[in-house]
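Okay, here's what each chain looks like letter by letter:
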There are 2 protein chains.
Amino acid sequence: MYGALEGGGTKMVLAAMDENGNTAERISIPTETPDKTMPEMISFFRKHDIRALGIGNFGPLDLNERSETYGSITATPKLAWRNYPLLQTFRDALRVPVGIDTDVNAAALAEARLGAAKGAESCVYVTVGTGIGGGIIIGGKPVHGLMHPEVGHALVAPLAGDPLPDGSCPYHKHCLEGMASGPAIEAKWGISAKELPRDHPAWVYETEYLAQMCVSITMFCSPEKIILGGGVMQQAFLFDGIRKRTSELLGGYISPLGGSLDDYIVPPGLGVHSGITGAWLLAMQA
Amino acid sequence: MYGALEGGGTKMVLAAMDENGNTAERISIPTETPDKTMPEMISFFRKHDIRALGIGNFGPLDLNERSETYGSITATPKLAWRNYPLLQTFRDALRVPVGIDTDVNAAALAEARLGAAKGAESCVYVTVGTGIGGGIIIGGKPVHGLMHPEVGHALVAPLAGDPLPDGSCPYHKHCLEGMASGPAIEAKWGISAKELPRDHPAWVYETEYLAQMCVSITMFCSPEKIILGGGVMQQAFLFDGIRKRTSELLGGYISPLGGSLDDYIVPPGLGVHSGITGAWLLAMQA
């Protein structure tokens, strides 16, 4: 049995899965403080006598294997988890190999191996929901480098008439998360994204910013697929608008795409299971 | 002897180099039409009886090895070279292995192996001159994927007061090349970049756009180094301003950088030789 953890800011999803990816048990617990949440998670994985653990966790994380704090959460605004040695605590308690990456890199890995980008060497997975985060696979592997991608805080150009042109992020003016996450939509228009009618102008702005993001991803990362998931993207009508506007903004510059972006900007092949499946893949690798 | 070609829109730089990188002969010829320029280049490489050829060429290029037109130039505005089968023509004429990549991916490769990013697994090399182009190394290899990165046509957010806020690119509103290349600077301010005094407001805008680019590179690619070269970056005073503004825009988000970006945003370690050195590396690999 292998352990998989998809660690989020509001809930932790834990699964025990066999080597074929069949799930023996899967639970979800609220993310409270490490003092309370860690022992619960450790006892779940102990109960299943796992051979290895894979973690896809909210960032930022220290993913530099040569670092003394490898596998720790770093400068998160979730103060109880700041500088928490996540990988090390699990490894010490469970005495099994532990693999770790960001939640979105794990989801991107799962989509590249088994999902919408199956067979591709590269893809970008972006979740648009409470926050915006992106994971990037290049050459079949998650991108790390200096740290790891932080797609949600890349800058976009405000569109004229935006009621909150600087966005709602406390750290960056007009970054993606501050301009296009679920809470940003609500801050701009005073209505929850879930309740906005389809013809509301909010969607014109949302489409513009997510299309600008797809242009940047194309220009900087040149992936074979861009996969958009998360709560906001449950509004499936957004896909056509984002593809159309991305194509306009690209100005015909990326010839392999031809006229249509239908196979380029796509929903996750694994639905809402990309993250936990990626964590299982990290366990198998570990 | 190995052949190296750095193919640019105005000139072709050709070199014959040994396996240690010592140059036997190096020439530069103007880029005219393939009919005229190709035979000159072929006879140079024949004269040196090269064992392999490496090409770093202006793009866009078809770098998909499974494509029938692998190694061709694609939708370039240089019409005489559009759809020209560059790799195949050299391979047929010289009957040696030929490696090819974009000029900037070749330069990035050279900087990662032998230059400012020596020892790093990842770096981004951007040339800011007549155009803006970027090459990206991740996991020690140039990034391809869908096509190859096209950093110059990524979007930036216009700064208030810019005399030409849409930029000068015919394909994209406010893309980097249209906002911050040498010709864009001249189009905006009516003075050549070389003649602009250091206290001219043009440099505030230039610094802003290149800093926005460095933020996007950091958020999307997470490289260990960003290397800025090309004619405009000969104005070495720009580096300090770009580092300072990038740090402000990052808002402390990328903790491994700490306070200083002095070792993160740097000039090329190989000076103006990154491109030809990268072409030589491609020949050695081929």
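Numbers given for residues are sequential positions, taken from 1 along each chain in its written order. The lettering of chains begins at A and the numbering of ligands begins at 1, in the order of writing. Local features are withheld for residues below a pLDDT of 70 in this predicted model, meaning they are given only at 70 or higher, and side-chain atom pairs are given and counted only at 80 or more; totals for whole chains, interfaces and linings count all residues. Based on all heavy atoms of the structure, the side-chain values leave hydrogens and waters out of the count.

*Asks:* Account for the interface of chain A and chain B, with residues named and values stated.
*Replies:* Residue contacts are counted whenever heavy atoms from the two residues lie within 4.5 Å of one another. Listed by partner, the interface residues are 43 residues for chain A and 43 residues for chain B. Two parts placed together each lose some accessible area; with a 1.4 Å probe, that loss summed over both constitutes the buried area. Taken together, the two surfaces of chain A and chain B that pack against each other cover about 3700 Å², and 71% of this comes from carbon and sulfur. The largest contributions to the chain A side of the interface with chain B come from L146(A), F220(A) and Y253(A), which together make up 25% of the buried area. Whenever Lys or Arg places a side-chain nitrogen within 4 Å of a carboxyl oxygen from Asp or Glu, that contact is recorded as a salt bridge. At the boundary of chain A and chain B, one finds zero salt bridges. Think of a polar contact as two N or O atoms within 3.5 Å of one another; within protein, one of them needs to be a possible hydrogen donor and the other a possible acceptor, and neighboring residues in sequence only count if both atoms come from side chains. The interface formed by chain A and chain B holds twelve residue pairs in polar contact (both at pLDDT 80 or more) in total. Counting residues per element, the ones that place at least two in the side of chain A that touches chain B are strand 7 (132-138), helix 6 (202-221) and helix 7 (238-250) of chain A. Residue classes in the side of chain A that touches chain B are distributed as 27 nonpolar, 14 polar and two charged. Numbered from the N terminus, helices here are DSSP runs of H or I no shorter than four residues, and strands are runs of E no shorter than two. In this count, Pro and Cys sit with the nonpolar residues alongside Ala, Val, Leu, Ile, Met, Phe, Trp and Tyr, while Asp, Glu, Lys and Arg are called charged and the others, Gly among them, polar.

*Asks:* If you had to explain the relation of the copies chain A and chain B to someone new, which residues and values would you point to?
*Replies:* Here the copies are superposed with least squares, the fitted atoms being C-alpha atoms of residues at a pLDDT of at least 70 in both. Superposing chain A onto chain B requires a rotation of 180° together with a translation of 0.0 Å along the rotation axis, leaving an RMSD of 0.0 Å. Overall, the copies show the geometry of a two-fold rotation axis. Minimal C-alpha distance to the rotation axis in chain A is attained by A157(A), lying at 2.1 Å.

*Asks:* Describe the sheet that holds strand 10 (residues 265-266) of chain A, and please don't skip the residues or the numbers.
*Replies:* All names here are of chain A. Two strands form a pair only when DSSP identifies at least two bridges running between them. The mixed open sheet is built from five strands, whose spatial order is 8-7-6-9-10. The sheet is open, and its two edges are formed by strand 8 (141-142) and strand 10, each paired on a single side. Examined bridge by bridge, strand 9 (residues 226-229) and strand 10 share two bridges and lie parallel to one another. By the bridge assignment, I226 is partnered in strand 10 with I265. Relative to the sheet, helix 6 contacts strand 6 (123-128), strand 7, strand 9 and strand 10, its axis offset from that of strand 6 by approximately 155°. Lines fitted to C-alpha atoms define the axes here, with helix axes fitted over just the stretch in contact, and angles between the N-to-C directions of these axes take values from 0 to 180 degrees.

*Asks:* Would you mind going over the sheet that holds strand 3 (residues 23-30) of chain A in detail, with residue names and values included?
*Replies:* All names here are of chain A. If you walk across this open sheet you meet the five strands as 3-2-1-4-5, and the pairing is mixed. Looking at the sheet topology across the chains shown, the edges are occupied by strand 3 and strand 5 (98-102). With direction set aside, neighbouring strand axes in the sheet form an average angle of 15°. Pairing geometry for strand 1 (residues 2-7) and strand 4 (residues 53-57), over five bridges, is parallel. Bridge assignment links E6 to a residue of strand 4, and that residue is G56.

*Asks:* With reference to specific residues and values, describe the pattern of salt bridges.
*Replies:* All names here are of chain A. Under the criterion given, the structure shown has 16 salt bridges over all chains. K47 is paired through a salt bridge with E25; the nearest N and O atoms lie 2.9 Å apart. Residue K47 is located in helix 1 (residues 34-47), and its partner E25 is located in strand 3; the two are separated by 22 residues in the primary sequence. For E40, the salt bridge is made with K36, and the minimal N-O distance between the two is 3.3 Å. With E40 and K36 both in helix 1 and four residues apart, this pair spans about one turn of that helix.

*Asks:* Summarise helix 8 (residues 274-285) of chain A; cite the residues concerned and give the values.
*Replies:* All names here are of chain A. A helix is expected to span 1.5 Å multiplied by its residue count minus one. Helix length check: helix 8 (twelve residues) gives 16 Å between terminal C-alpha atoms against 16 Å at 1.5 Å per residue, within 8%. Only protein chains enter the calculation, and the probe is 1.4 Å; a residue is then buried if its accessible area is under 20% of its type maximum, exposed if over 50%, and partly exposed in between. Across the twelve residues that make up helix 8, a large majority, ten, are buried. Along helix 8, the residues classified as buried are S274, G275, I276, T277, G278, A279, W280, L281, L282 and A283.

*Asks:* Residues and numbers for the nonpolar core, please.
*Replies:* Take the buried residues of types Ala, Val, Leu, Ile, Met, Phe, Trp, Tyr and Cys, join any two whose side-chain atoms come within 4.5 Å, and each joined set is a nonpolar core. Formed by 96 residues in total, the largest nonpolar core has its most connected members in L228(A) and L228(B). Not counting residues up to four positions away in its chain, the partners in contact with L228(B) are V126(B), M213(B), C214(B), M233(B), F239(B), I242(B), I265(B), V266(B), P267(B) and P268(B).

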